Amino acid sequence: MNFISTRGQAAPVGFIEACLSGLAPDGGLYVPETWPRIEPAGVHEAYADVAARVLGAFAGDEIPPATLQEICKRAYAGFAHQSVAPLVQTGPNAYLMELHHGPTLAFKDVAMQLIAQLFDVALESRGERMSVTCATSGDTGGAAAAAFAGSTNVDLFILHPFERISPVQRLFMTTTGADNVHNLAIDQNFDSCQSIVKQLFADREFVTTSGLSGVNSINWARIAAQAVYYATAQTALGADRALRFIVPSGNMGDALAGYVAARCGLLAGFEAVCAVNENDALRVLLQDGYMRRADAVSTPSPAMDISVPSNFERLAFEASGRDPDMVRQLYEQFAQSGDVELPERIKGPLGCMGLSAQTVTNTSTLEEMKRVYAETGWEICPHTAVGTAVARRLAREDQVSVVLATAHPAKFPETVHEAIGQTPDLPERAKAVAARTEVYDHATADVAAVRDYILSRQRT
Ligand SMILES: *Cc1c(COP(=O)(O)O)cnc(C)c1O
């Protein structure tokens, strides 16, 4: 299967190339040239087998089905729950889908575990190595460290803002003990980390000589991997039942994966509500029809503190009737002015795609955590609480809703304590992490220094 860029000025590439390169060279995002038809998840089908079929529909003949099955089995073997993404009933027509049973207790494990296996196999077949770089405000770095630790062909470089992420989040990145995982604590905030990574990627010569790649939320392999749990939820709750998914959202990779699942025939219908915190650029986009730059503010749900939801570009491409010129113009205008109204030819169709967004304030998020605890005795993470608050707001008796629980509460002990007055226990499997030695290096926010660090540490 070929992948094309949403901005139309890059040559089509195959599945492996689309996954390994992340962003297309024209600055656009890769999307499949046509939507494959995928059979819904079988009632008795194991999660890893569904994942192998979904990935296989995009990989075409680039990766043999048996290899994909192996990759998916290995990816999900380390999950603490057999069904990987179990559903818990919370009311007559209400469910939580728990996506935090992976090694670092956040939903990013679901895609990252798979991507690491995929990269290793793809690079092995090409006889290549890569240096994967990412900036993290918390969850992505840990998930990447756990997934790539011990990888044969990938060296991982994670930049995090020094003393600005929670200790639990840092432990997951710094205690792998793997010599291919390198942590850099940058003496600045997350935006500076992200800006360094952007500058590294803008240096095309460095990208080529160092074999640099990324695994951020626009990577197609992550989107495809996340489409899988929408499919298993649909089958578990009844093949013909219309479900409303409520998705705590930041970069919108997760919500987009639901749309992809529907487009490929894995769902009975499609309705997803993106639940966002006070950084509500996504609501402004979907409700008001404006793409507007704003500084990210800090909230109790830091993994969703995103000011420009990057995966929106793929939706804009679909809404425009797959018109790359329109998408390119939109993003060029946005880059210049930071505030553009969506053209009618995007805004109109966008309203009929099954996606909407709702904002939850910081105060309501903490109140929701408190209320859920009082009602049920459950501790929930602040990101999940943004979702359950929206579910509560929109609840209708005849509507089945599935809220995606995106992280384990123990990952955010300070916020949980603030909300309910007690600190959640780390699950047994994560306790070992707290006892290990942390390894990380320090750097100032200087691109040249980070570049040298990567060159001196990467295996050749
Ligand atoms: C990354 C993350 C999100 C947001 O997911 P997107 O795909 O960026 O929309 C929500 N909750 C948690 C816990 C996360 O780590």
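The notes below deal with the structure included here. For every chain, the first residue of the written sequence is number 1, and numbering continues from 1 onward in sequence order. Two thresholds apply to this predicted model, a pLDDT of at least 70 for residue-level local features and 80 or more for giving and counting side-chain atom pairs, whereas whole-chain, interface and lining totals are computed over all residues. Hydrogens and water are ignored here; the side-chain numbers use all heavy atoms of the structure.

In this section: the environment of Phe-58. Relative to the helices and strands, Phe-58 is located in helix α2 (residues 47-59). As a C-alpha pair, Phe-58 and Asn-2 span 56 residues in sequence and 8.6 Å in three-dimensional space. Should any heavy atoms of two residues lie within 4.5 Å, those residues are counted as being in contact. Among all residues touching Phe-58, those that are not within four sequence positions of it are Met-1, Phe-3, Phe-15, Pro-32, Pro-36, Ile-38, Trp-220, Ala-224, Val-260 and Cys-264. Where helices and strands are cited, they refer to DSSP runs of H or I of at least four residues and of E of at least two residues respectively, numbered from the N terminus.

Inspection of the region around the ligand gives 15 residues, with Lys-108, Asp-139, Gly-250, Asn-251 and Thr-406 positioned closest. At 2.7 Å, a backbone N or O of Gly-250 approaches an oxygen atom of the ligand. Definition of a polar contact: a pair of N or O atoms within 3.5 Å, with one able to donate and the other able to accept a hydrogen when the atoms are protein atoms, and with sequence-neighbouring residues admitted only if both atoms are side-chain atoms. Met-252 places a polar main-chain atom, nitrogen or oxygen, 2.9 Å from an oxygen atom of the ligand. Per-residue accessibility takes into account occlusion by the displayed protein chains alone, with areas from the Shrake-Rupley method and a 1.4 Å probe. Taken by itself the ligand offers 390 Å² of open surface, and the protein chains cover 98% of this. In the scheme used here, Gly and all other residues not listed as nonpolar or charged are polar, with Ala, Val, Leu, Ile, Met, Phe, Trp, Tyr, Cys and Pro taken as nonpolar and Asp, Glu, Lys and Arg as charged. For the shell around the ligand, the per-class residue count stands at six nonpolar, six polar and three charged. Nearness is judged by heavy atoms alone; a residue qualifies as near a molecule or strand once a single heavy atom is within 4 Å of it.

Quick look at the pattern of salt bridges now. When a carboxyl oxygen of Asp or Glu is within 4 Å of a side-chain nitrogen of Lys or Arg, the pair counts as a salt bridge. Applying the stated criterion across every chain, the model contains 24 salt bridges. For Glu-271, the salt bridge goes to Arg-244, with nearest N and O atoms at 3.0 Å. With Glu-271 in the loop between α10 (253-263) and β10 (272-276) and Arg-244 in strand β9 (residues 243-248), the pair connects residues that are 27 residues apart, well separated along the chain. Remark: exposure states derive from per-residue accessible area (1.4 Å probe, protein chains only) relative to the maximum for the residue type, with buried under 20%, exposed over 50%, and partly exposed in between. Glu-271 sits in the partly exposed class, given a relative accessible area of 25%. Several salt bridges share partner residues, and in doing so they unite Glu-368, Arg-371, Glu-375 and Arg-392 into one network.

This part takes up the sheet that holds strand β6 (residues 154-161). A pair of strands is considered paired only if DSSP assigns at least 2 bridges between the two. The sheet built from five strands is open, its strands ordered β8-β5-β6-β7-β15 with parallel pairing. The open sheet has two edge strands with one neighbour each: β8 (212-213) and β15 (441-443). The pairing of strand β5 (residues 130-135) with β8 spans two bridges and is parallel. When the sheet's bridge partners are listed, Ser-131 is paired in β8 with Leu-212. This element, helix α5 (residues 139-148), spans β5, β6 and β7 (181-186) of the sheet and lies at about 160° to β6. Interaxial angle, 0 to 180 degrees, is taken between N-to-C directions of lines fitted to C-alpha atoms, where a helix line uses only the stretch in contact.

When the centres of two rings from Phe, Tyr and Trp lie within 6.5 Å, Trp using its six-membered ring, the rings pair. Their planes under 30 degrees apart give stacked, over 60 give edge-to-face, and anything left gives tilted. Per the counting criterion, the structure on display carries twelve aromatic pairs. When the centroid spacing of 6.2 Å and the interplanar angle of 70° are considered together, the rings of Tyr-259 and Phe-270 count as edge-to-face. Of this pair, Tyr-259 sits in helix α10 while Phe-270 sits in the loop between α10 and β10, placing them eleven residues apart in sequence. Overall, the relative accessible area of 7% leaves Tyr-259 in the buried class. What links up through ring pairs into an aromatic cluster is the set Phe-3, Phe-15, Trp-35, Phe-58, Trp-220, Tyr-259 and Phe-270. Residue placement shows Arg-292 over the ring face of Tyr-290; its charged tip is 4.8 Å from the ring centre. Across from the ring centre of Phe-206, 5.8 Å away, lies the NZ or CZ of Arg-451, which sits over that ring. Think of it as a cone above the ring: NZ of Lys or CZ of Arg counts as a charge over the ring if it is within 6 Å of the ring centre and within 35 degrees of the ring normal.

So, about the side chain of Gln-169. Looking at where Gln-169 falls in the secondary structure, it is placed in helix α6 (residues 167-174). With near-sequence residues (within four places) excluded, Gln-169 lies in contact with Ser-137, Gly-138, Asp-139, Lys-411 and Phe-412.

What follows concerns the layout of surface pockets. Taken as a whole, the second largest pocket spans an internal volume of roughly 550 Å³. Grid spacing is 1 Å over the protein atoms alone, the probe is 1.4 Å, and a cavity is where that probe fits but cannot get out, while a pocket is an open set with protein on both sides within 12 Å along at least five of seven lines and lining residues have an atom within 4 Å of a point. In this structure, the second largest pocket is lined by 25 residues; those nearest its centre are Thr-90, Gly-91, Ala-94, Ala-391 and Arg-392. When contributions to the lining of the second largest pocket are tallied by element, the ones reaching two or more residues are β3 (87-91), β4 (94-98), β9, α15 (362-376), α16 (382-394) and β14 (400-405). In terms of residue class, the lining of the second largest pocket is built from twelve nonpolar, seven polar and six charged. Grid points are joined across faces, edges and corners, and a volume is the space filled by probe spheres set on the points.

Before going further, it helps to spend a moment on the packing of α2 against helix α9 (residues 220-237). Running from N to C, α2 and α9 cross one another at 135°; their axes reach a closest spacing of 9 Å. With respect to each other, α2 and α9 are oriented oblique. The handedness of the crossing between α2 and α9 comes out as right-handed. Facing α2, whose interface residues are Tyr-47, Val-50, Ala-51, Val-54, Leu-55 and Phe-58, α9 presents Trp-220, Ala-224, Ala-225, Val-228, Tyr-229 and Thr-232. Here the contact of α2 with α9 is composed, by residue class, of eleven nonpolar, one polar and no charged. Throughout this description, any angle smaller than 35 degrees is read as roughly parallel, any larger than 145 degrees as roughly antiparallel, any in the 65 to 115 degree range as roughly perpendicular, and the remainder as oblique. Handedness of a helix crossing follows the sense of rotation of the near helix relative to the far helix, less than a right angle counterclockwise being left-handed and clockwise being right-handed.

So, about unusual backbone geometry. Backbone geometry places Val-84, a non-glycine residue, at a positive phi of 65°. Here Val-84 lies in the loop between α3 (65-77) and β3. Its relative accessible area of 3% is what places Val-84 among the buried residues. With a phi angle near 60°, Glu-163 is a residue other than glycine that sits in the positive phi range. Following the sequence through the fold, Glu-163 ends up in the loop between β6 and α6.

Between α10 and helix α12 (residues 312-319), the shortest axis-to-axis distance is 10 Å and the interhelical angle comes to 40°. Here the hand of the crossing between α10 and α12 comes out left-handed. Packed against α10, whose contacting residues are Leu-256, Tyr-259 and Arg-263, the element α12 presents Arg-314, Leu-315 and Glu-318 at the interface. For the contact of α10 with α12, the per-class residue count stands at three nonpolar, no polar and three charged.

A separate point is helix α7 (residues 190-202). By this rule, a helix spans an expected 1.5 Å times one less than how many residues it contains. With 13 residues, α7 should cover 18 Å at 1.5 Å per step; its first-to-last C-alpha distance of 18 Å lies within 8% of that length. Within α7, burial applies to Phe-190, Ser-192, Cys-193, Ile-196, Val-197 and Leu-200. Summarising the contacts, the buried residues of α7 are in contact with β5, β6, β7, α8 (204-210), β8 and α19 (447-457).

Right, let's get into the pairing of β6. Buried residues dominate β6, accounting for eight of its eight residues. Note: β5 against β6, six bridges, orientation parallel. By the bridge assignment, Thr-133 is partnered in β6 with Phe-157. Looking down the strands as they point away from the viewer, one classifies a crossover as right-handed if the path from the first strand across the helix to the second runs clockwise. On the question of chirality, the crossover connecting β5 to the parallel β6 by way of α5 is right-handed. When β6 meets β7, the two strands line up parallel, connected through six bridges. Residue pairing for β7: His-160 is matched across the bridge by Ala-185. With respect to chirality, the unit in which β6 leads through α6 into the neighbouring parallel β7 is right-handed.

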